[in-house]
Structure formats: structure tokens, C-alpha cells
Amino acid sequence: NVPYSVALAASGGTPGYTWSLASNSPQLPSGLALSPAGIISGKPSATGGPFNLIIQVQDAGAAQGAQQTITKTLALTINTTPTALTILTDTLPTGTINQPYATALGGTGGTTPYTWGLKAGSPPLPNGVALLPATGAIYGVPTVTSAAAHTFILTDATSFTVEKSLVLTINAVPLSITTDSLPQGTVNQSYRAQLAVTGGTGAHTWGLSSNAPPLPSGLSLKASTGLISGIPTGTSTQALTFTVSDQTTPTP
């Protein structure tokens, strides 16, 4: 797909040369032609080669009865159109702490094989996550949350490099209260119920919503564990709104 032109040259004989392919020669690559004046030109439309062309040249000695014809084999290779080395990946998928993470960086152009890496001075990948230099795969089980921008480097076989900054976000598991109902209790009898939570970051702290009614008299909520316990001294049918907070986010 790139215009090609080369002039063949001969010496000796009787000037006035006529060029052609010998009858036993492979054909020129698609898109190219050889003119009688010895110009191979055109725009090749496919890669391949080497094509071992048998070039034939005939001089102008026919009028003197001394016309000469000779051949020579010349190799022609059609290469792919070179393109600029480019990192194709524009964003990285979001991951979740303590859950498997896997994605792959993509590149194009330049000369393969490629080698991937992190630029010196760039933040390291989150603990538990690694970059495979040969393929650009990013994989592992992250053990910390993160929202850092990492500068990735793509190097081709000629040592040409390009770089791109990409943010890798590792979120905590969303904080959620999983208890849907509380067991019934009886006045003047010991009561015990455990509230349950999933996700979040770090230790949990339990409480009652500021606009919720208090626990029935005689019962208490342990803030560090979510345990409701005690001996109720009166009846109650009130709906209670509990809250739980991790180190970053409160959730009712």
C-alpha cells in the first residue's frame, strides 16, 4: 500500500534495452508491473516474499544479427506498512479488594515482540497485583484499596518506547447490614441477638439512628460487635433503625 518504483539497469550489448520477466519467473507481487523500459512500479497490495524474480533484458542488436538476451534473478520482499507504536488501552476495569482481578493492556504498531513495564517513579501496583512483562496482563488478588495513576511503558523489539498513565481503582466491598429481622423477646427474660454486616473497610461501629426510638428498657447494643443483649423490663413493638460505620462510610 506504499508506492514503489525502481529502475533496472544493464550495460553492454547494443543500447536500447527491452525488459521483461522470463517465462519461468514468478509473477510480480500484486499491484506491481514491469515496463519494457525496465521500471518496476505500482502500489503493492499484499505482503510476501522474497519473490525470486527472473528478470530478462534484450538488447537492440537484432538489426545487426547479433541480438543478445540475458537473465538475472533478483529477490523482492513486500513488507507490512510500518505504524507508530501505540498503547491502545484507555481505561482499566475497577477491582474489589480480596477478589481476583484480571485484565490485559493492549498495544499496536512498532515491531513485535513487546515488553511491558512500569515507568520509574510510578506508583507500584496495589499489593497482590502484578504486571506480566511479556503479555501486558495485570492480574492477582488485591489486598488493599487503591485509586492510583500508574504510568505504563510499552517497548517494542527495536527498543522504541511509549507510555500512558492509567488509573487502577480497587474498591472495598460495599458496606451492608445483612440482618433482616430480630428474634422476639419476653419481658424479664434474657435476650440476645447479633446484628450482621458485610463489606466495608476496617473495624465496624454499630449504633441507633439519631431519630430512632431507643432500645427497650433493659437492653443495650454493643457498638464494637453489634450484639443486642440484656433483660427487657417492658413490652415493645417499635421499629428500630440501626446504623453501622466502617473507617470511611456510615450505612443505615
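Colleague: Describe the sheet that holds strand 12 (residues 129–131), naming the residues involved and giving the relevant values.
Modeller: Across the sheet, which stays open at both edges, the three strands sit in the order 9-13-12 with antiparallel pairing between neighbours. Bordering the open sheet on either side are strand 9 (101–104) and strand 12, each of which pairs with just one other strand. Taking each pair of neighbouring strands and ignoring which way they run, the sheet shows an average axis angle of 15°. In the sheet, strand 12 pairs with strand 13 (residues 137–140) via three bridges, with the strands oriented antiparallel. Paired with Ala130 across the two strands is Tyr139, which belongs to strand 13.

Colleague: Give me the pattern of salt bridges: which residues, what numbers.
Modeller: Under the definition given, this model contains two salt bridges. Its salt-bridge partner being Asp90, residue Lys164 comes within 2.8 Å of it at the nearest N-O pair. With a gap of 74 residues between them, Lys164 in strand 15 (residues 161–171) and Asp90 in the loop between strand 7 (86–87) and strand 8 (95–96) connect regions that are remote in the sequence. Residue Asp90 is classed as exposed on the basis of its relative accessible area of 57%. Taking the shortest distance from any N to any O, the salt bridge between Glu163 and Lys119 comes out at 3.1 Å. Here Lys119 lies in the loop between strand 11 (115–118) and strand 12 and Glu163 lies in strand 15, a separation of 44 residues in the sequence.

Colleague: Go over the nonpolar core with me, naming the residues and quoting the values.
Modeller: The nonpolar side chains of soluble globular proteins are, as a tendency, buried together. Membership of the largest hydrophobic core comes to 18 residues, with the highest contact counts inside it found for Leu92, Leu105, Ile138 and Phe152. Within the residue set of this core, elements represented by two or more residues are strand 12, strand 14 (146–155) and strand 15. Among the elements that take part in this core, strand 15 stands out by supplying four residues, more than any other. Leave out the neighbours within four places in its chain, and Leu92 touches Tyr101, Thr103, Leu105, Ile138, Phe152, Leu166, Val167 and Leu168.

Colleague: Help me get a handle on the environment of Ala203, residues and values and all.
Modeller: Mapping Ala203 onto the fold places it in the loop between strand 18 (197–198) and strand 19 (205–208). With relative accessibility at 56%, the residue Ala203 sits in the exposed group. Here the alpha-carbon distance between Ala203 and Ser35, two residues 168 residues apart in the chain, equals 83 Å. Each residue touching Ala203, except ones within four places of it in the same chain, is listed here: Ser245, Asp246 and Gln247.

Colleague: Give me the lowdown on the layout of surface pockets, citing residues and values where you can.
Modeller: Taken as a whole, the largest pocket spans an internal volume of roughly 400 Å³. Lining the largest pocket are 18 residues, with Pro183, Gln184, Gly185, Pro216 and Ser236 positioned closest to its centre. When grouped by side-chain class, the residues that make up the lining of the largest pocket number ten nonpolar, eight polar and no charged. Put simply, the second largest pocket is a space of about 200 Å³. Taken together, 13 residues form the lining of the second largest pocket, with Asn1, Val2, Pro44, Ile78 and Asn79 sitting closest to its centre. Partitioned by chemical class, the residues of the lining of the second largest pocket number six nonpolar, seven polar and no charged.

Colleague: With reference to specific residues and values, describe the side chain of Thr151.
Modeller: Looking at where Thr151 falls in the secondary structure, it is placed in strand 14. With residues up to four places along the chain from it excluded, the contact list for Thr151 reads Gly117, Leu118, Lys119, Ser122, Glu163, Lys164 and Ser165.

Colleague: Got a sec to walk through the pairing of strand 13? Specific residues and values, please.
Modeller: Two strands pair when backbone bridges link them, and strand 9 and strand 13 are joined in this way by four bridges, in the antiparallel orientation. Residue Ala102 lies in a different strand from strand 13, and its bridge partner there is Tyr139. Two successive antiparallel strands, strand 12 and strand 13, enclose a turn made up of five residues, where Gly136 displays a positive phi of approximately 80°.

Colleague: Explain the pairing of strand 17 (residues 191–194) to me, and be specific about the residues and the numbers.
Modeller: Side chains of strand 17 alternate between two faces, with Tyr191 and Ala193 buried and Arg192 and Gln194 left unburied. Taken together, the four bridges between strand 17 and strand 21 (residues 227–230) define a ladder with antiparallel strand orientation. Counterpart to Gln194 in the pairing with strand 21 is Leu227.

The rules behind each value
Residues numbered from 1 in each chain as written. Predicted model: local features only at pLDDT ≥ 70, side-chain atom pairs only at ≥ 80, totals over all residues. Heavy atoms only, no water. Pairing = 2+ DSSP bridges. Helix = DSSP H or I, 4+ residues; strand = E, 2+ residues; numbered from the N terminus. Axes fitted to C-alpha atoms, helices over the stretch in contact; angles between N-to-C directions. Salt bridge = Lys/Arg side-chain N within 4 Å of Asp/Glu carboxyl O. Buried < 20%, exposed > 50% of the residue type's maximum accessible area, 1.4 Å probe, protein only. Core = buried A, V, L, I, M, F, W, Y, C linked by side-chain atoms within 4.5 Å. Contact = heavy atoms within 4.5 Å. 1 Å grid on protein atoms, 1.4 Å probe; cavity = no way out; pocket = protein on both sides within 12 Å on 5 of 7 lines; lining within 4 Å. Points joined across faces, edges and corners; volume = space filled by probe spheres on them. Nonpolar A, V, L, I, M, F, W, Y, C, P; charged D, E, K, R; others polar.

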